Amino acid sequence: MRSLSLTMLSLCVASLVLHSTSLAKEGTSGVSVGDAAPMFEAKDDTGKAWKSSEHVGKGPVVVYFYPADMTGGCTAQACGFRDHSADLKAAGATVVGVSGDTVESHQLFKKAHNLNFTLLADVDGEVAHAFGVPVTEGAKTVNATIEGTAHALVRDITAKRWTFVIGTDGKVAYKDDAVKAKEDSKKILEVLKSMK
């Protein structure tokens, strides 16, 4: 009987450990304003390594997480950053969009909408986890026609829509975990003006 109780206790402890690991992976605890921003690296839309350490400290870095290439809200958000690129550059900011899409998917997304900033392929969700952004695991497909050709864009990780601004001091200066896709770039411009 005692051995059965110990076995049950061991199973409960193991279950709690697995549950807490799963919650951490989903991003329930994350960085807050004033925290040191995580240093991260991911492949950009050209297939090269993009390292935050090469950008942080040279000006504000806008890191925005979005669910998927070629979807309505995500396209509106990306086009907002595209359309405000001159003002963002004037503020000294570097903008990077991060999703679970592949390098190839990002290339198609940029081509379809003439995007003029870097997209990072966070295919395993590591960058999202580092910032505490919740992710959903499981293959999802977006079917899109780009320049007359049909494409099936498959991703295994889907991140929530969150936006961060990292200041030149390497700390998180701004965090939005309830982003309105169409308004995001305008809001970021206001944040950058207030940081001067």
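In case you missed it, the structure is sitting above this.
Residues numbered from 1 in each chain as written. Predicted model: local features only at pLDDT ≥ 70, side-chain atom pairs only at ≥ 80, totals over all residues. Heavy atoms only, no water.

Novice: Go over the pairing of strand 4 (residues 94–99) with me, naming the residues and quoting the values.
Specialist: The buried count for strand 4 comes to five of six residues, which makes it a mostly enclosed element. Two elements, strand 3 (residues 61–65) and strand 4, share five bridges in a ladder whose sense is parallel. Bridge pairing in strand 4 links Tyr64 to Gly97. With four bridges joining them, strand 4 and strand 5 (residues 118–121) adopt parallel strand pairing. Among the inter-strand pairings, Ser99 is bridged to a residue of strand 5, identified as Ala121. Handedness of the crossover joining strand 4 and strand 5 through helix 4 (residues 103–113) is recorded here as right-handed. (Buried < 20%, exposed > 50% of the residue type's maximum accessible area, 1.4 Å probe, protein only. Helix = DSSP H or I, 4+ residues; strand = E, 2+ residues; numbered from the N terminus. Pairing = 2+ DSSP bridges. Right-handed = clockwise from strand over helix to strand, strands pointing away.)

Novice: Tell me about the packing of aromatic side chains, and name the residues and values.
Specialist: Scanning the entire structure with this criterion turns up 11 aromatic pairs. Between the aromatic rings of Tyr64 and Tyr66, the centroid separation amounts to 5.5 Å while the plane-to-plane angle is 35°, which identifies the pairing as tilted. Each member of the pair, Tyr64 as well as Tyr66, carries the same accessibility label: buried. Residues Phe65 and Phe164 carry aromatic rings whose centres are separated by 6.1 Å and whose planes lie at 85° to one another, so their mutual orientation is edge-to-face. Here Phe164 lies in strand 8 (residues 162–166) and Phe65 lies in strand 3, a separation of 99 residues in the sequence. Since its relative accessible area comes to 0%, Phe65 is described here as buried. (Phe/Tyr/Trp six-rings, centres within 6.5 Å; stacked < 30°, edge-to-face > 60°.)

So far we have only geometry, and geometry alone does not tell us how the molecule works.
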